[in-house]
Amino acid sequence: FGLARAPRIRGIFAMAKRGGDTDGEGANGRRQRAKGGGRGHGSVVPIECAGLGSTPTRLGAALWDFAAPDPAPAAATASSGGEATATASFEEPSPALELRRSQLMAQFRASYAKACEEVLGLEKPPNDSVDRWLLEQLAQSRNGSRNADPMLPHPTIANSSRVLLRELLAEVPLRCPTRAFGQPALEALRTYHASAKRWLDRVPEGLAEAVHELGVWLRESTSQAQGRRKAEDCPFKSKLHELSREGGLSSRFQASVEPFALQVIDSVNRAAETMLSELRRFALSDAPSGEVSLDVGDDLVGSAAVLRYDGDEVRISALHYRKLRALYSSHNPMPSGSDAVGDWEKAFRRRLYLMARRYITFIGLDPSEDGARGGNMHAAAPESVFAWLKTEFDVRYECFASPLNCYFSTFFSAFPDVDAPFGSRGSFFDVEALPEGSYEVGPPYTEEVLELMARKLLSLLQHGASLALSFFVFVPDWPGAGGLNLMDGPSFAAYRRSRHGGPFALAKGREHHYITGVQFFADAGANAARRYYTVPHGTRVYVLQNDEGAKRWPFSEAHERTLLEKLRPPLPT
């Protein structure tokens, strides 16, 4: 897809969550984030920007490489063997419809937040729960459902999937931060106890005694917060683990609260259906659609490109505008003649607005607000990794990317209706077969997407035995996650090419860096301190090849060491 890579995106897709958090965010906390939410930035080695006709670089590596691959892969219709043209299979929306979609999605998010507050008493919805709900829909194959909405292809998916339900239940009484200890753990316990007491009027009486016992324990144990420095000795950390484990007080509460959470699910379904009905009505209304205007600043470091349409304003960095114009031009060469050039510029402005507005609507952030962070559905491995993969293994395609975070000019993405003019070949999950080649795979970091991705890769490897296929897969180090278990297991044994003795190579947490998922924001651009960040968790790299792929692109122990080195933050000179 192209949203989500790194602790919230490389790629958008970046989805069943599991118990036990290791980041201090609570049970399931680490798996509810898609990629890009790391703390801190990589070493501030500057980006070098030469003339307007050249590609910016960092440490000698170009920030993008839009040399056309041959042949380019195509999704969905690709099984016929022909290359899909960039816009042939996808109906492009109008700017008016896309703006209306953004307005309705904002209303949907507000409606969901209100339901969470009124029904479950939550101050705000679970972090990234809307994102996971959206991603799970987008990770389903859309072959045979071409008339589905591009953002909400399965609006009632929460009826058949328990992902959103688990997200809601995990907040009751409190999503326990199981890494916390000392005073933070004590404060979490106090919040937990207060929340549990508020629920007693709405749940069976059998829970009252356990809540009372927790209150007594807290009063008697408060003095133990002093003088303890190690997590393993902290009674408050142990109590949080006791509450959140299977059969603990949290699970007893959640069983009683499930009917209330299902009310929120019903509200989500109704709100989604209402949104789609309004979009269909609007699309049929033949509302006039004006032109998109564009203002571009000259300074690649501090200025922005501003797209305006009917009162809406979308700001992206001047550097990213330069990238997107080059990407669009690689697929839609500028014609000669003043009239043709004018039409080309008009089409480019419209398509740039459509694509940028769609992703901003999806991630729910406003790039006009300088300093805004989070919502990183587009985090990506650094360009030094991509350049090396191309040089050593002829990697030229990305299975989860978007125009906003792609390195190569050809990729699979979540929204081909607005991405196709920029090189998208459709959704990776719609692919029936791939031409032989070497691919980078950086899915969104949710367990649902990771498992669907693993199953898709296994199918492609099994059915493409006569073709040379190679995949470099970048995923979080989440032991026990279903998709990772599958890639670690016997089904993938014949395809794994890691050379250190294990099924994958591991980049340790805080020892490697990524490109932030909001790299296109106006306050990022060519500012390396904002563009890169240090990843707080481990990242696994699986090298998966069939026999033909291993013959063409052999992966050695030296390659593995170099790959991990390419992921490390560079030292400033």
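Residues numbered from 1 in each chain as written. Predicted model: local features only at pLDDT ≥ 70, side-chain atom pairs only at ≥ 80, totals over all residues. Heavy atoms only, no water.

Engineer: Hey, could you run me through the overall build of the chain in this one?
Structural biologist: Assigned secondary structure in the chain consists of 17 helices and 12 strands. Out of the 573 residues belonging to the chain, those deemed buried represent 57%. (Helix = DSSP H or I, 4+ residues; strand = E, 2+ residues; numbered from the N terminus. Buried < 20%, exposed > 50% of the residue type's maximum accessible area, 1.4 Å probe, protein only.)

Engineer: Would you take a moment to explain the pairing of strand E12 (residues 539-545) for this structure?
Structural biologist: Regular strands have side chains that alternate between both faces of the sheet. Burial within E12 is extensive, with seven of its seven residues counted as buried. Residue alternation in E12 divides its side chains into two sets, Thr539, Val541, Val543 and Gln545 and Arg540, Tyr542 and Leu544, and both sets are buried. Sheet topology note: the strand E8 (residues 469-476)/E12 ladder contains seven bridges and is antiparallel. Looking across to E12, one finds that Val475 is bridged to Arg540. (Pairing = 2+ DSSP bridges.)

Engineer: Could you clarify how one ought to interpret the sheet that holds strand E9 (residues 505-507) in this entry?
Structural biologist: Backbone-to-backbone hydrogen bonds join strands into a sheet, with any given pair of strands oriented parallel or antiparallel. Spatial ordering of the open sheet is given by E6-E7-E8-E12-E9, a layout of five strands whose pairing is mixed. Of all strands in the sheet, those bounded by a partner on one side alone are strand E6 (395-398) and E9. For this sheet, the mean angle separating the axes of adjacent strands, direction not counted, is 25°. Sheet analysis places E9 next to E12, joined by three bridges and oriented antiparallel. Its bridge partner lying in E12, Ala507 is registered against Thr539. Against the sheet, helix H13 (residues 447-463) engages strand E7 (437-441), E8 and E12, with an angle of about 170° to E8. Helix H17 (residues 557-567) rests against E8, E9 and E12 of the sheet, and its axis sits at about 20° to E9. (Axes fitted to C-alpha atoms, helices over the stretch in contact; angles between N-to-C directions. Contact = heavy atoms within 4.5 Å.)

Engineer: In this structure, what is going on with the pattern of salt bridges? I would like to understand it.
Structural biologist: Once the charged atoms of two side chains with opposite charge are near each other, the side chains can pair. For the structure shown, the criterion picks out 34 salt bridges. Between Glu383 and Arg531 there is a salt bridge, and its shortest N-O distance comes to 3.2 Å. Of this pair, Glu383 sits in helix H11 (residues 383-393) while Arg531 is found in helix H15 (residues 528-531), placing the two residues 148 residues apart along the sequence. You'll find Glu383 and Arg531 in the same group, each marked buried. In this structure, Arg568 engages Glu511 in a salt bridge whose closest nitrogen and oxygen atoms are separated by 3.6 Å. Of the two residues, Arg568 sits in the segment after H17 while Glu511 sits in the loop between E9 and strand E10 (513-515), which places them 57 residues apart along the sequence. The network of salt bridges with shared partners includes Glu98, Arg101, Asp149, Arg358 and Asp417. (Salt bridge = Lys/Arg side-chain N within 4 Å of Asp/Glu carboxyl O.)

Engineer: Looking at this structure, I do not really get the environment of Lys390. What am I missing?
Structural biologist: By the element assignment, Lys390 lies in helix H11. Separated by 49 residues in sequence, Lys390 and Tyr439 place their C-alpha atoms 9.5 Å apart. Lys390 has contacts with Asp65, Ala67, Val395, Arg396 and Phe408, leaving out every residue within four places of it along the chain.

Engineer: It is not clear to me how the packing of aromatic side chains should be interpreted in this structure. Could you clarify?
Structural biologist: Any aromatic ring pair is given by two values, namely how distant the centres are and how the planes are angled relative to each other. In this structure the tally under the stated criterion is 28 aromatic pairs. Taken together, a centroid distance of 5.0 Å and an interplanar angle of 85° make the contact between Tyr407 and Phe408 edge-to-face. In this structure Tyr407 comes out as buried when scored by relative accessible area, which is 5%. Classification of Phe408 as buried rests on a relative accessible area of 3%. In this structure, Arg202 packs its charged tip against the face of Phe260, placed 4.3 Å from the ring centre. The ring of Trp217 has Lys239 lying over it, and the distance from NZ or CZ to the ring centre is 4.7 Å. (Phe/Tyr/Trp six-rings, centres within 6.5 Å; stacked < 30°, edge-to-face > 60°. Lys NZ or Arg CZ within 6 Å of the ring centre and 35° of its normal.)

Engineer: Could you clarify how one ought to interpret unusual backbone geometry in this entry?
Structural biologist: Excluding glycine, a negative phi dihedral is what most residues carry, and trans is how most peptide bonds are arranged. Of note, the amide linkage connecting Val172 to Pro173 takes the cis form, showing an omega dihedral of -15°. Its identity as a non-glycine residue notwithstanding, Arg510 has a phi of 70°, on the positive side. Here Arg510 lies in the loop between E9 and E10.

Engineer: I'm lost on the environment of Cys49 in this one. Help?
Structural biologist: Of note, Cys49 is situated in the loop between helix H1 (29-32) and strand E1 (57-58). With 477 residues separating them in the primary sequence, Cys49 and Ala526 have C-alpha atoms 8.0 Å apart.

Engineer: Teacher, can you tell me more about the confidence of the model for the chain here?
Structural biologist: Detailed reading of the predicted model is not advised wherever pLDDT is low. Confidence in the prediction of the chain, expressed as mean pLDDT, is 86, and 84% of residues score 70 or more. Within the model, the stretch residues 3-42 combines pLDDT values under 50 with 261 contacts to residues more than four positions away or in other chains. Overall, residues 370-376 carries pLDDT values under 50, and its contacts beyond four positions in sequence, including any with other chains, amount to 28 contacts. (pLDDT = per-residue confidence, 0-100.)

Engineer: Can you help me understand the side chain of Asp417 in this one?
Structural biologist: One can find Asp417 in helix H12 (residues 416-419). On the basis of relative accessible area, Asp417 is assigned to the buried category, the value being 10%. Side-chain polar atoms of Asp417 contact the side chain of Arg358, separated by 2.8 Å. (Polar contact = N/O pair within 3.5 Å; in protein donor to acceptor, adjacent residues only side chain to side chain.)

Engineer: Got a minute to help me understand the packing of helix H9 (residues 318-331) against helix H10 (residues 338-363) in this structure?
Structural biologist: To describe two helices that pack against each other, one gives the angle between their axes and the distance between the axes. Packing of H9 against H10 brings their axes to within 11 Å, and their N-to-C directions diverge by 120°. Taken as axis vectors, H9 and H10 run oblique relative to one another. Our pair here, H9 against H10, has a crossing hand that is right-handed. Every residue of H10 that contacts H9 at Tyr321, Leu324, Arg325, Tyr328 and Ser329 is listed here: Trp344, Glu345, Ala347, Phe348, Arg351, Leu352 and Met355. Considering only residue class, the contact of H9 with H10 consists of eight nonpolar, one polar and three charged. (Parallel < 35°, antiparallel > 145°, perpendicular 65-115°, else oblique. Left-handed = near helix turned anticlockwise from the far one by under 90°. Nonpolar A, V, L, I, M, F, W, Y, C, P; charged D, E, K, R; others polar.)

Engineer: Just to check I follow, could you spell out the packing of helix H5 (residues 183-199) against helix H7 (residues 235-244) for this structure?
Structural biologist: Contact geometry of H5 with H7 gives a least axis separation of 8 Å together with a crossing angle of 40°. The orientation of H5 with respect to H7, classified from their angle, is oblique. The interaxial crossing formed by H5 with H7 has left-handed handedness. Two secondary-structure elements touch here, H5 through Ala185, Leu186, Ala188, Leu189 and Tyr192 and H7 through Phe236, Lys237, Lys239, Leu240 and Leu243. A per-class count over the contact of H5 with H7 returns eight nonpolar, no polar and two charged.

Engineer: What am I meant to see in helix H3 (residues 129-138) here?
Structural biologist: Residue pairs three or four apart in sequence face the same way in an α-helix, which turns once every 3.6 residues. Most of H3 is tucked away: 10 of the 10 residues are buried. By the burial criterion, the buried members of H3 are Ser129, Val130, Asp131, Arg132, Trp133, Leu134, Leu135, Glu136, Gln137 and Leu138.

Engineer: How should I be thinking about the nonpolar core in this particular structure?
Structural biologist: Inside soluble globular proteins, nonpolar side chains tend to come together where they are buried. In this structure, Trp133, Met453, Phe471, Val473 and Met487 are the most contacted members of the largest nonpolar core, which totals 160 residues. The element that contributes the greatest number of residues to this core is helix H8 (residues 249-284), accounting for 14 residues. (Core = buried A, V, L, I, M, F, W, Y, C linked by side-chain atoms within 4.5 Å.)

Engineer: Would you take a moment to explain helix H2 (residues 95-120) for this structure?
Structural biologist: Counted at 1.5 Å a residue, the expected span for H2 with its 26 residues is 38 Å, and the 37 Å between its end C-alpha atoms agrees. Phi for Gly121, located one or two positions after H2, is positive at around 70°. (Expected span 1.5 Å × (residues − 1).)

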